Amino acid sequence: MLQLRFGVVALLVFGIAQAQEASEPRDILIRNAMLLDPASAAPDRMVSLLVRNGELEIVTEDTIRGEDVDEVVDANSGFIIGNLEIGAPPNFTILILDPRENFQVLLDTKKYASFAMHDGRVVKNTLVQVLEEDLEAEPERGPQQRGWLAYTPPPLAVPLGYTDTSKWNRFETRLVSGMFSAGLVVDRMNWLSQDASSEDTIGDLSAFEGGEIRGLRFGLFGTLNMFEEPWVYTIFGATNAFDKGFNEDGLDDFSWFDWRVDVPFIADSVLSIGKQKEPISGERVQSMLNNHMQERSAAADAMLPSRNVGIVWNGSRPSSYTTWAIGVFNDWIEANRDLDESATQYIGRVTWAPLRTDDDSSLLHVGLGYRYSNAKEGFRFRTEPEFNQAPLYVDTGFDVPTGVLSADNLQTWNAELSWRRGPLWLASEYTNTAVDNPDLANPSFDGYWIGASWVLTGEMRPYNKKSGTFGNVPIARTVYQDGKGAWELSARWSNIDLSDGTVEGGEMDIASLGLSWWLTPFFSVGMNYRYIWNTRLGVEGTSSGLNTRVLLLLE
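Conventions we followed
- Residues numbered from 1 in each chain as written.
- Predicted model: local features only at pLDDT ≥ 70, side-chain atom pairs only at ≥ 80, totals over all residues.
- Heavy atoms only, no water.
- Helix = DSSP H or I, 4+ residues; strand = E, 2+ residues; numbered from the N terminus.
- Polar contact = N/O pair within 3.5 Å; in protein donor to acceptor, adjacent residues only side chain to side chain.
- Core = buried A, V, L, I, M, F, W, Y, C linked by side-chain atoms within 4.5 Å.
- Buried < 20%, exposed > 50% of the residue type's maximum accessible area, 1.4 Å probe, protein only.
- Contact = heavy atoms within 4.5 Å.
- 1 Å grid on protein atoms, 1.4 Å probe; cavity = no way out; pocket = protein on both sides within 12 Å on 5 of 7 lines; lining within 4 Å.
- Points joined across faces, edges and corners; volume = space filled by probe spheres on them.
- Nonpolar A, V, L, I, M, F, W, Y, C, P; charged D, E, K, R; others polar.
- Phe/Tyr/Trp six-rings, centres within 6.5 Å; stacked < 30°, edge-to-face > 60°.
- Lys NZ or Arg CZ within 6 Å of the ring centre and 35° of its normal.
- Salt bridge = Lys/Arg side-chain N within 4 Å of Asp/Glu carboxyl O.
- Pairing = 2+ DSSP bridges.

Let us now look at the environment of S281. By the element assignment, S281 lies in the loop between β14 (270-276) and α6 (282-285). In this structure the C-alpha to C-alpha distance between S281 and G369, which are 88 residues apart in sequence, comes to 6.5 Å. In this structure the side chain of S281 is engaged in a polar contact, spanning 2.8 Å, whose partner is the side chain of E429.

So, in structure tokens, the structure goes:
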């Protein structure tokens, strides 16, 4: 930390000395800069930095296009020292030599600095300007240079506190690095209406009102540095889990929600081994915190699992905006069964963004997923009406003593279609599961949702070219920076039909409205309203409710 602080002081002195030569704030993109930790011998991060209007907009290990900035420069693997705070004027310098190996570099920043910025203004720049055609000629980066390896990566690819070894939730050793993370979700449920038909079929909803801890999740993620290309590990436990699905029971109990290791594999692909999300459905793959509604759609909760134990092989071509993933799963370890007694699943997903503008401000996404299960454990599809504090509204096991129906196999198809233009995001998915059981007349169950999100404060959701998913709403200016935070207005219509063949699981339509306010990247409040039409055995009932939520994440 002494070297880091001394470097920052040297930068400020250098900036003041050169103040008369400082340029006016302008948009500048810096590529191939080394984000180092002076207090550790762990591998450094090769990153890109984007400064707009004198403020730091992003620090990322992914490639950033530079058509809409004033200048693009190559740091040539120079070493960054300084203050990098998103949304604030940056103060940093890029050194041509590693200051950890040569202390003289910090004593003479005038000589060894190739670039310096003070309060968002460039005070020195000897870096070579990059043309976009040069970028096209660059080879694809290997897995260790692209950030986190996993198909569903940890929440922070480049932590803002990366160089702050004083942070209690971060540790770094020669063999292992890691960061602790946690999230707390607190809900308050109010049921607003329920007609007599609804009460007759599902019971009195007033018993489900009140507050609850919706989710408490904690764990750590990091790198195993004993390999030539570091592996990435993720270990998370949860109570009142953030996610739920048809194979998740006992949500009030503690469980190890994620445990996996991500291993670099051939041709820049990655193997993810352990308990993880299955690669099907963009709504399922991306974090629930990144969705525009508090809860996932009824179809996803009923027919697609939250987590499973298996192996996923995935890869992507960021230059063509395509991704692919295939996996094999069997939860015999956690189900305490023999391997041949537990169901095996084969899953795959491909995505593509075929239409997009040069600056990615407008983008069309399509995806297709497939899931096959030998159904050795049978099946039961059921879900609440997209509220966690609610009874089951649809259930294929309503009239079955054990709740579980048998099948020779299950085949599920999922289709995705999304369009994002600036702060507007339109998205949809369709899911269909075909059951092979002649005794049940081979029923087919399906569901869909169509949603819209508009970020009122103008921010645009990022698109992850590695997993074909959309990220959380970024915050241009937090409330701690005298800003408004990020406000998002959302809507969704969803449908699920679990009645077909001889199975009468019911049908449900839901109209939802949502409003979210992210005060900072780690704290938000929001509310979701839903009006629900539920049909079972020809009887239709209606109900409505409002859920308010407070979300707090560990920085």
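Picking up after the structure, the text goes on.
On to the nonpolar core. Counting 27 residues, the largest nonpolar core has W191, F379, F445 and M508 as its most contacted members. Among the secondary structure elements, those contributing two or more residues to this core are β10 (176-194), α7 (298-303), β26 (486-500) and β27 (503-520). When residues in this core are grouped by element, the largest group, 4 residues, is from α7. With sequence-adjacent residues up to four places away left out, M508 is seen in contact with A298, T383, E384, P385, Y393, V394, S494, N495, I496, I532, W533 and N534. Counting residues in each nonpolar core, the second largest holds 19 residues, with I80, I94, M117 and V122 among its members.

Attention shifts here to empty space enclosed by the protein. Enumeration over the complete set of coordinates arrives at 8 cavities of 30 Å³ or more. Of the pockets and cavities examined, the largest cavity occupies roughly 210 Å³. In terms of lining residues, the largest cavity is bounded by 16 residues, among which L289, Q294, S516, W518 and S524 are the most central. Per element, the largest residue contribution to the lining of the largest cavity is 3 residues, and it comes from strand β28 (residues 523-536). The residue makeup of the lining of the largest cavity, split by class, is 6 nonpolar, 7 polar and 3 charged. When its volume is computed, the second largest cavity comes out at roughly 140 Å³. Lining the second largest cavity are 18 residues; nearest its centre among them are G282, E283, W425, E429 and W449. Looking at the lining of the second largest cavity, the elements with two or more residues in it are α6, β21 (409-421), β22 (424-436) and β25 (469-470).

Backbone geometry at A375 places phi at a positive 55 degrees, although glycine is not the residue there. Relative to the assigned elements, A375 resides in the loop between β18 (362-373) and β19 (382-383). Residue A375 is classed as buried on the basis of its relative accessible area of 5%. Positive phi outside glycine occurs at E386, with the angle close to 65 degrees.

Before going further, it helps to examine the packing of aromatic side chains. Tallied over the full model, the rule gives 18 aromatic pairs. Where Y321 meets Y463, the ring centres are 6.4 Å apart and the plane angle is 15 degrees; that geometry is what we call stacked. Of this pair, Y321 sits in the loop between β15 (308-317) and β16 (322-330) while Y463 sits in strand β24 (residues 463-464); the two residues are 142 residues apart in sequence, bridging distant segments of the chain. A residue is classified by how much of its surface remains accessible, and Y321, at 7% relative accessible area, is buried. Judged by centre distance (6.4 Å) and plane angle (45 degrees), the ring pair of F379 and F445 falls under tilted. Within this pair, whereas F379 is found in the loop between β18 and β19, its partner F445 is found in strand β23 (residues 444-455), the two being separated by 66 residues in sequence. Overall, F379 belongs to the buried group, its relative accessible area being 4%. Every member of this aromatic cluster is reached through a ring pair, and the members are Y321, W425, Y463 and F470. Over the ring of F236 we find R217, and its NZ or CZ is 5.0 Å from the ring centre. Residue placement shows R530 over the ring face of F387; its charged tip is 4.9 Å from the ring centre.

With that settled, consider the pattern of salt bridges. Per the counting criterion, the structure on display carries 17 salt bridges. Among the salt bridges present, the one from D258 reaches R217, with a minimum N-O distance of 2.3 Å. One end of the pair, D258, is in strand β13 (residues 255-264); the other, R217, is in strand β11 (residues 210-224), with 41 residues separating them in the sequence. Note on accessibility: D258 and R217 belong to one class, buried. Two residues, E416 and R349, come together in a salt bridge whose shortest N-O distance is 2.7 Å. One end of the pair, E416, is in strand β21; the other, R349, is in strand β17 (residues 344-356), and 67 residues separate them in sequence.

Now for the pairing of strand β7 (residues 121-125). Every other side chain in a regular strand lies on the same face of the sheet, so the side chains alternate between the two faces. One ladder, built from 4 bridges, connects strand β6 (residues 113-118) with β7; its direction is antiparallel. Opposite F115, over in β7, you have N125 as the bridge partner. Hairpin connection from β6 to β7: 2 residues lie between these consecutive antiparallel strands, with D119 at a positive phi of about 50 degrees.

Moving on to the pairing of strand β2 (residues 45-52). The element β2 is largely enclosed, with a buried count of 7 among its 8 residues. Here 6 bridges tie strand β1 (residues 28-35) to β2, and the two strands are oriented antiparallel to one another. What sits directly across from I28, in β2, is V51. Relative to strand β3 (residues 55-60), β2 is paired through 5 bridges, and the arrangement is antiparallel. Pairing of V51 across the sheet is with L56, part of β3.

For the rest of this paragraph, the subject is the environment of P391. With respect to the helices and strands, the residue P391 is situated in the loop between β19 and β20 (394-395). Sequence separation of P391 and G203 is 188 residues, and the distance between their C-alpha atoms is 8.1 Å. Apart from the residues lying within four places of it in its own chain, the contact partners of P391 are I202, L205, F208, E384 and P385.

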